[in-house]
Amino acid sequence: MKRFFLLAVCFLFAAPYLWATHNIAGEITVRCIGGLQYEVTVATYTNTQSPADRCELTISWGDNTFSIAPRTNGVQNNICPNAGDGFDLVSSGYPFTKQNLYKQIHNYPGQGTYTISIIDPNRVAGINNIQNSVNIPFYLETTFTIDPNIGCNSTPILTTFPLDKACVGHCFYHNPGAYDPDNDSLSYSIGPCLDTLGNPLVGWLMPIGGSVVIDAVTGDLSWCSPTAQGKYNLVIYIDEWRTMPNGLRVKIGTVLRDFNIDVSQSCNNENPDIPELPDLCVDAGTLINFSFPVTDPDASQLARLQGYGGPFNVTPAATVTPNNIPQATPYVPNAVFNWQTNCDRVRLQPWVVTFKVTDNGSPALADIESMRITVVSQGPVFLNATPQGSQMNLDWGVNPCDPVGNYCRGYRVYRRQGPSAWNPAQCETGVPAYTGFVLIGTVLGINTTTFVDNNGGNGLIPGVDYCYRVCAFFNDGAESYASPEACSELRRDVPVITNVDVMTTSTTAGDMFVRWVNAIPNGVDFDTIQYPGPWKLELTRSNGFSYLNPLTLVATSTAATFNQLDTSATDNSLNTTDSAYTYRLAFYYTDPLNGFTLVGNSQPASSVYLTATPSDNTVTLSWQYAVPWTNFEYAIYRFNTTTSVWDSIALAPSSLSYIDTGLVNGREYCYYITAHGSYFNPTLPPVMYNRSQRVCATPQDLTPPCAPNLAVNSDCFIGLNQLIWTNPMNMNCGTDDVVSYNIYYSLVEGDPLVLLTTISVAGDTMLSLNNLSSVAACYAITAVDSFGNESVQSNVICVDNCPEYILPNVFTPNGDNTNDFFIPFPYRYIKDVEVRIYDRWGVLVFQTTDPNIRWDGRDMNTRKLCTDGVYYYTAVVNEIRLEGVIPRELKGFVHLFGKDIGQFQ
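Residues numbered from 1 in each chain as written. Predicted model: local features only at pLDDT ≥ 70, side-chain atom pairs only at ≥ 80, totals over all residues. Heavy atoms only, no water.

## Here's the deal with the side chain of Thr848
Here is step 1 of the chain: With respect to the helices and strands, the residue Thr848 is situated in strand E57 (residues 844–848).
Here is step 2 of the chain: Classification of Thr848 by relative accessible area gives buried; the value is 19%.
Here is step 3 of the chain: Looking at Thr848, its side chain comes within polar contact range of the main-chain nitrogen of Asp850, at 3.1 Å.
Here is step 4 of the chain: Beyond its immediate sequence surroundings of up to four residues, Thr848 is in contact with Val833, Glu834, Val835 and Ile853. (Helix = DSSP H or I, 4+ residues; strand = E, 2+ residues; numbered from the N terminus. Buried < 20%, exposed > 50% of the residue type's maximum accessible area, 1.4 Å probe, protein only. Polar contact = N/O pair within 3.5 Å; in protein donor to acceptor, adjacent residues only side chain to side chain. Contact = heavy atoms within 4.5 Å.)

As structure tokens, this is what we get:
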């Protein structure tokens, strides 16, 4: 079978009526019309001396459908009825070369990622870095995404030809001149040409001589320097990136440009030169205007300057003068770039501007220079911060920029304690973390210019100087400059809690001590004339760390003179063993008409709640609280059963946990902690001490062994998985007791691992699983000690099947019992397939889900033998993989010969 297949392929490649030198370069671009409708343009560049010419091309849309697209450019004549005949590029300096544009509109079935592709029988002859290029099919593809989160999106537009000229011993420079009509960012890379399956072309070589590199940001390609004349082809990948509403930057498409470089043997001239140009960052509305020299070392050569990139394709458009006009001298002393920016040019990614200077040598040599221009938005021109109770009310000016297509989505609000003395540098947008500001909120809509900062509902801290900044943010993730800084303090017009201290630990008779500092009656913080007495305080509590219903009234204090108001209370009969408690004070004045009227509430404050977790010879202490002040250190106390005294055993700064080690298993140990806190405000106590409840724990051996390290040797050809792991007792990780191992597995990656088997001998550290129908699986292992403690799972190792499914490209259904069916070569790990075969007009002639296919060359509707020729197929091969059954798309062509070709064997 394989011998016959290879001979048949050789025969086909040798047949001149089937193959003719043709394709030089090309690409596919996509334009969104609206909804699910897209217009595709296939651009190919072909040899006009070739007898082959394509009035139309078959486009594979990536959704298992095909269309025939007519050529749309050039004069329509009798050569191509109902189609153009292409455009000759001789006037552009490319003799014997024609540009062909094929356009077609397609309606897609729904959202998804689609790969549009075309296959044309072959390339031009004599491409140095593609073996036997004349007999290699020419393949182009472009991938793009349809997603309602992306909107109506088009691929990048390329403004230069995928053709260029170079010379042996001279550096070569090129830029595809790409820009994105949707303002998406672009990145660039290079790679091999592709075969008809979209895989790297076997036999393709990197062009020889020096190095071929491309700038990932600007797209500047350089080759320094070619060492051999001839034609070279490579692929430039132009990836399109979109910043999504959630802030993630995702790739939404890739244009593949098959690019041709024609290298001449000798040149009598040198490259012209453009000096290196610095990147710029400007405020929206800035007029960018600068000049730069363009030189050519050959006095007899003329220079031509051109500009490419996004700024040349927007309104108002950038200009470079002189542009595309041959000059009378080899030196252009005052090449001038001019671009009036505006708010519509604001975006996250820089605008890339590329300048290209070309001489008129034979061949013409060139130099390119790219620069990046970032356009940023001014921020809100004012910001106000007004205190009210325990919150701060902010308002600011509308952002001056709302770019079309990259609209202002809203504002980000930042806060810090104390003034920052920070002024944004040129193009320093947003609010950097080094300034000490923290993001506290986001509002949507350019006209939403207010925000209430109540510290997430917990209220702000009295006496703290709160400072704020606001910046706008845009659809692509760009940010404006920050607003001016606004600072303000809360008024001390309500009480401030300073202590919530556990006095007694009990399930029924626990005691809690609460202390506070009352408002300052100085006429500025609290005005006793505006809010006259008598005054009243109400202390209420709720269970846990949040001030939530149901609430319990703890104490009430009423006084006719301000200094007679209580400043503390004791709460009794509590279950301080099992619960923390949160307290809040309400402060009232006497309204002459309505009686007691609320002035405001203090911030809630909770007690400190301690937990103790025993393990092998240790107890781990951890604690929680929710208070408006800052606890900066914690004293840990342990009860000494010998002296009956609570000993201070440690002072833990800032951490909310402590591990007490060196303890005796089976002995009870009791603890409490004292939190040391402060408001760091001179009008409030400098240090506040608040105790947790007391808690006891008994250490015991609850420590599992360390997890083993797992390795898996897999052979998918014979169905073997061999698991090998380490004994934790040999790992120097503190494990001294292992009696068995549990083996876990799943057949699909991501599914929960379930128990496969248990190995009951600690010295057995290998398990072989033989004669498997599928080796695809994930494995992990745990170790178990004599106390029944099981370790965490080891590293998870996943192994996969090695599916194989290969189709021939010729068969002969002539009834000679040799090669009569279109069938795959021997395959493995294939569940089923979906094969569709089309004639050159896109008519479906055969389809099946049988992996063996067995097409006998007959039309499935008429049952007549199909005519000899090339048939296109698509195949969705459902492979049994670790991820489950995974479809893989194949596409290509098969040659059907109904007549006997045995004479060629």
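## Regarding the state of the cysteines
Here is step 1 of the chain: Evaluated as defined, the whole model comprises 11 disulfides.
Here is step 2 of the chain: Disulfide pairing is shown between Cys55 and Cys80; the S-S distance is 1.9 Å. Every disulfide takes its handedness from the sign of the S-S torsion; for Cys55 and Cys80 that torsion is -70°, giving left-handed. In this pair, Cys55 sits in the loop between strand E2 (37–47) and strand E3 (56–60) while Cys80 sits in the loop between strand E4 (66–70) and strand E5 (87–88), placing the two residues 25 residues apart along the sequence.
Here is step 3 of the chain: In this structure Cys80 comes out as buried when scored by relative accessible area, which is 0%. (Disulfide = S-S within 2.5 Å.)

## Regarding the packing of aromatic side chains
Here is step 1 of the chain: Across all of its chains, the model carries 38 aromatic pairs by this definition.
Here is step 2 of the chain: Aromatic pair Phe290 and Phe337: ring centres 5.4 Å apart, planes at 40°, arrangement tilted. A residue pair is termed long-range when its members are at least 10 positions apart, and Phe290 in strand E19 (residues 287–294) and Phe337 in strand E22 (residues 332–340) qualify at 47 residues.
Here is step 3 of the chain: An angle of 15° between the planes, with centres 5.8 Å apart, marks the rings of Phe526 and Tyr531 as stacked.
Here is step 4 of the chain: Overall, Tyr531 belongs to the partly exposed group, its relative accessible area being 27%.
Here is step 5 of the chain: Pairwise contacts between aromatic rings join Phe526, Tyr531, Trp535, Phe562, Phe587 and Tyr589 into one cluster.
Here is step 6 of the chain: Its end group placed over the ring of Trp351, Arg347 keeps NZ or CZ at 3.8 Å from the ring centre.
Here is step 7 of the chain: Sitting above the plane of the Phe821 ring, Arg854 keeps its charged end 4.3 Å from the centroid. (Phe/Tyr/Trp six-rings, centres within 6.5 Å; stacked < 30°, edge-to-face > 60°. Lys NZ or Arg CZ within 6 Å of the ring centre and 35° of its normal.)

## Considering the nonpolar core
Here is step 1 of the chain: Ranked by internal contacts, the top residues of the largest apolar core, which has 74 residues, are Phe292, Phe337 and Phe355.
Here is step 2 of the chain: Every residue in contact with Phe337, bar those within four places of it in the chain, is listed here: Ile288, Asn289, Phe290, Phe292, Phe312, Ala318, Thr319, Val320, Val353, Phe355 and Ile373.
Here is step 3 of the chain: Formed by 60 residues, the second largest nonpolar core is a distinct cluster that contains Leu101, Tyr108, Val168 and Leu221. (Core = buried A, V, L, I, M, F, W, Y, C linked by side-chain atoms within 4.5 Å.)

## Section: the sheet that holds strand E49 (residues 720–725)
Here is step 1 of the chain: The strand order across the open sheet formed by three strands is E48-E49-E52, and the pairing between neighbours is antiparallel. If you trace the sheet from one side to the other, it starts and ends with strand E48 (710–715) and strand E52 (766–769), each paired once. Averaged over all neighbouring strand pairs, the angle between strand axes comes to 15°, with direction disregarded. (Pairing = 2+ DSSP bridges. Axes fitted to C-alpha atoms, helices over the stretch in contact; angles between N-to-C directions.)

## A few points about a nonpolar patch on the surface
Here is step 1 of the chain: A surface patch of nonpolar side chains, about 400 Å² in accessible area, is lined by Phe632, Phe680, Val687 and Tyr689.
Here is step 2 of the chain: Tracing the backbone through its elements, the reader meets Val687 in the loop between strand E45 (669–678) and strand E46 (688–691). (Patch = residues over 30% accessible without salt bridge, like charges linked within 9 Å, V, L, I, M, F, W, Y side chains within 5 Å. Areas by Shrake-Rupley, 256 points an atom, 1.4 Å probe, with all protein chains shown as cover. Salt bridge = Lys/Arg side-chain N within 4 Å of Asp/Glu carboxyl O.)

## Let's talk about the pairing of strand E1 (residues 23–34)
Here is step 1 of the chain: Among the 12 residues in E1, nine count as buried, and that is most of the element.
Here is step 2 of the chain: Across 10 bridges, E1 lies against E2 in antiparallel orientation. Across the sheet, Asn23 pairs through a bridge with Thr46, a residue of E2.
Here is step 3 of the chain: Between E1 and E2, which follow one another and run antiparallel, lie two residues, and Gly35 among them has a positive phi close to 65°.

## Describing the pairing of strand E33 (residues 510–517)
Here is step 1 of the chain: E33 sits mainly inside the fold: six of its eight residues count as buried.
Here is step 2 of the chain: Across seven bridges, strand E32 (residues 496–504) lies against E33 in antiparallel orientation. Along E33, the bridge assignment pairs Val500 with Val514.
Here is step 3 of the chain: Once E32 ends, the chain turns through five residues before running back antiparallel as E33.
Here is step 4 of the chain: Here five bridges tie E33 to strand E36 (residues 568–574), and the two strands are oriented antiparallel to one another.

## With respect to unusual backbone geometry
Glycine aside, the phi torsion of most residues is negative, and most peptide linkages are trans.
Here is step 1 of the chain: Residue Ser225 follows Cys224 across a cis peptide bond; omega there is -5°.
Here is step 2 of the chain: Among the structural elements, Ser225 can be located in the loop between strand E15 (221–224) and strand E16 (230–243).
Here is step 3 of the chain: Looking along the chain, the bond that leaves Thr315 and enters Pro316 is cis, with omega of -5°.
Here is step 4 of the chain: Within the secondary structure, Pro316 is located in the loop between strand E20 (303–309) and strand E21 (319–321).

## Quick notes on the sheet that holds strand E26 (residues 391–396)
Paired through their backbone hydrogen bonds, the strands of a sheet run either parallel or antiparallel.
Here is step 1 of the chain: Strand order in the open sheet formed by three strands is E25-E26-E29, with antiparallel pairing between adjacent strands. At either end of the open sheet lies a strand with only one pairing partner, and these are strand E25 (383–388) and strand E29 (450–453). Each strand of the sheet is rotated relative to its neighbour by a mean of 20°, with strand direction disregarded.
Here is step 2 of the chain: As paired strands, E26 and E29 are joined by four bridges and run antiparallel to one another. Across the sheet, Asp395 pairs through a bridge with Thr450, a residue of E29.

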